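Summary of structural features
Below, each chain spelled out in residue letters.
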Amino acid sequence: MSAVSDRLPTFPWDQLEPYKKTATAHPGGIVDLSVGTPVDPVPELIQKALVDAADSPGYPTVWGTPALRDAITGWVERRLGARDVTHRHVLPVVGSKELVAWLPTQLGLGPGDRVAFPRLAYPTYEVGARLARAEYEAYEDPTELDPAGLKLLWLNSPSNPTGKVLSKADLTRIVAWAREHGVLVVSDECYLELGWEADPVSVLHPDVNGGSYDGLVAVHSLSKRSNLAGYRAAFLAGDPAVLGPLLEIRKHGGMMTSAPAQAAVVAALGDDEHVRVQRERYAARRTVLREALLGHGFRIEHSEASLYLWATRDESCWTTVAHLADRGILVAPGAFYGPAGENFVRVALTATDERIQSAASRLKS
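An account of the accompanying structure is given in this report. (Residues numbered from 1 in each chain as written. Predicted model: local features only at pLDDT ≥ 70, side-chain atom pairs only at ≥ 80, totals over all residues. Heavy atoms only, no water.)

1. Observations concerning the overall build of the protein
Helices and strands together make up the secondary structure of the protein, namely 12 helices and 13 strands. Relative to a compact globule of 365 residues, whose C-alpha radius of gyration would be 21 Å, the protein shows 20 Å and is just as compact. Oriented by its inertia axes, the alpha-carbon framework of the protein measures out at about 55 × 50 × 50 Å. Per-residue burial for the protein yields a buried fraction of 54% across its 365 residues. At a minimum sequence separation of 6, the contacts of the protein that also span at least 24 residues come to 75%. In the form shown here, the protein has an accessible surface area of approximately 15200 Å², with 53% of it arising from carbon and sulfur atoms. (Helix = DSSP H or I, 4+ residues; strand = E, 2+ residues; numbered from the N terminus. Rg over C-alpha atoms; globule rule 2.2 N^0.38 Å. Buried < 20%, exposed > 50% of the residue type's maximum accessible area, 1.4 Å probe, protein only. Contact = heavy atoms within 4.5 Å. Areas by Shrake-Rupley, 256 points an atom, 1.4 Å probe, with all protein chains shown as cover.)

2. A short note on the pattern of salt bridges
In the structure shown here, the tally under the stated rule is 22 salt bridges. Close ionic contact of E126 with R130 constitutes a salt bridge, the shortest N to O distance being 2.8 Å. Here the residue E126 and the residue R130 both occupy positions in helix α5 (residues 124–131), the gap between them amounting to four residues, near one helical turn. For R130, a relative accessible area of 22% translates into the label partly exposed. Where R286 meets E197, a salt bridge forms, and the shortest distance between an N and an O atom there is 3.0 Å. Here R286 is found in helix α10 (residues 273–295), whereas its partner E197 is found in the loop between β6 (184–188) and α7 (206–209), with 89 residues between them in sequence. For E197, a relative accessible area of 52% gives the class exposed. It is possible to trace a salt-bridge network through shared partners that takes in D40, R285 and D353. (Salt bridge = Lys/Arg side-chain N within 4 Å of Asp/Glu carboxyl O.)

3. Observations regarding the environment of R327
Its location among the elements puts R327 in the loop between α11 (317–325) and β11 (329–330). The spacing of R327 and L222 is 105 residues in sequence and 32 Å in space, taken between C-alpha atoms.

4. Here's the deal with the environment of D70
As for its position among the elements, D70 is in helix α3 (residues 66–80). Sequence separation of D70 and V90 is 20 residues, and the distance between their C-alpha atoms is 9.5 Å.

5. Quick notes on the sheet that holds strand β2 (residues 90–93)
Pairing within the open sheet is mixed, and its seven strands lie in the order β2-β8-β7-β6-β5-β3-β4. Whereas interior strands pair on both sides, the edge strands pair on one side only; in this sheet they are β2 and β4 (135–139). Averaged over neighbouring strand pairs, the angle between their axes works out to 20° when direction is ignored. Sitting on the sheet, α3 is in contact with β2, β7 (216–221) and β8 (234–238), with an inclination near 110° to β2. Here helix α4 (residues 96–106) sits on the sheet in contact with β2, β5 (150–156), β6, β7 and β8, set at roughly 160° to β5. (Pairing = 2+ DSSP bridges. Axes fitted to C-alpha atoms, helices over the stretch in contact; angles between N-to-C directions.)

6. Re the side chain of T124
Looking at the element boundaries, T124 is found in helix α5. Judged by relative accessible area, which is 6%, T124 ranks as buried.

7. Considering the sheet that holds strand β13 (residues 345–348)
Strands sit in the order β9-β10-β13-β12 across an open sheet of four strands; the sheet is antiparallel. Every other strand in the sheet has two partners, leaving β9 (299–301) and β12 (332–333) as the edge strands with one partner each. Sheet topology note: the β9/strand β10 (residues 308–312) ladder contains three bridges and is antiparallel. Bridge pairing links E301 to W310 in β10. Set on the sheet, α10 makes contact with β9, β10 and β13; between it and β10 the angle comes to about 5°.

8. Some words on the packing of α4 against helix α8 (residues 240–253)
Packing of α4 against α8 leaves a shortest axis separation of 12 Å and a crossing angle of 105°. With respect to α8, the axis of α4 lies roughly perpendicular. Contacts between α4 and α8 involve E98, L99, L103 and Q106 from the former and L246, I249 and R250 from the latter. Of the residues assigned to the contact of α4 with α8, the class counts are four nonpolar, one polar and two charged. (Parallel < 35°, antiparallel > 145°, perpendicular 65-115°, else oblique. Nonpolar A, V, L, I, M, F, W, Y, C, P; charged D, E, K, R; others polar.)

9. Looking at the environment of E197
Put simply, E197 and S303 are 106 residues apart on the chain and 8.3 Å apart in space, counted from C-alpha to C-alpha. Aside from chain neighbours lying at most four places away, what touches E197 is R286, R290 and E304. For E197, the side chain forms a polar contact with the side chain of R286, separated by 3.0 Å. (Polar contact = N/O pair within 3.5 Å; in protein donor to acceptor, adjacent residues only side chain to side chain.)

10. Focus: the packing of aromatic side chains
With the rule as written, the count across this model stands at 12 aromatic pairs. Both rings, one in W13 and one in F336, keep their centres 5.1 Å apart while their planes meet at 80°; by these two values the pair is edge-to-face. You can see W13 sitting in the segment before α1 (17–24) and its partner F336 sitting in the loop between β12 and β13, a full 323 residues away along the chain. A relative accessible area of 23% means that W13 is categorised as partly exposed. Taking the centre distance of 5.8 Å and the plane angle of 80° together, the rings of W75 and F235 count as edge-to-face. On the criterion of sequence distance, the pair formed by W75 in helix α3 and F235 in strand β8 is long-range, its members being 160 residues apart. Like F235, W75 is buried. A network of ring pairs unites the aromatic residues W13, Y19, W310, W318, F336, Y337 and F344 as a single cluster. Positioned above the aromatic ring of W63 is the side chain of R69, whose terminal nitrogen or guanidinium carbon lies 3.9 Å from the ring centre. Lying across the ring of F298, R313 places its NZ or CZ 5.8 Å from the centre. (Phe/Tyr/Trp six-rings, centres within 6.5 Å; stacked < 30°, edge-to-face > 60°. Lys NZ or Arg CZ within 6 Å of the ring centre and 35° of its normal.)

Shown next, in the form of structure tokens:
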């Protein structure tokens, strides 16, 4: 019997282990800028909401409490400019990675169906297609794809890894093309609140979708904007005709966010101040790292948003990874995100101020 794991590529992060050992051996210790995992404290009001809901002996619901759905719909309208969003337009999920990996399967895709994603992309888009036994391909411009058999089109703006932001005009054009050909658009917008040199727009904005959510789903996460990666808190918003069946499938599968985490999300989505504070932290770190990388001979492309700098010295990404590891700095090789990234590295902003300063000092020496 063939194992499901046989469908999957080698887990990319395992390839970094030798470089991690080198970086860890640096006299000043490792500065790990490879994985975008938050390091700053969970805001106190969110911790309090979690603690206050700790006595939750019963099963939570997959659809979440009415208070959670209210919080999501309110945030989507307030922050994204969406209109007329009801509970039927939203669905909590157990972290966005779980959703990305299993969405093609939950949509019923399989052999003969096609999934498309950007040519530089989060590897889990491909993993999700593989798990469903669907075909997959990377694109430069999705409107140049053959729509025959294309069932799921992933957008990612701001992009992981490049930080590239799709303009409102581009989003409008892509949505119109997808609707013309009956293709479901799922827009991964997990970094939307982290725009630096651009103002990212959601596919849920009426200027993009014409006031209709037909064929559109947006993915949002609280991992980065609220430091809640450990809570596994994310949600979908968009077409009820898509979210309704997903809710039924996920109810049968028991894919539910814990009750304390649901309460924490309500608090997080109701407060904008902690997001502003966290943005300022990342903006300061970005300035320090960007200047240090440029001074060390790197060129930075895109990176107008998100939590990463997409940098190159016009050499193999593995040569760059080794070069930085010798200085105690660990980064992600661009090849993890597709062949087009082979000469780039992704440098995360998710390290403490002290570690960021240490990395900058090493790059200047």
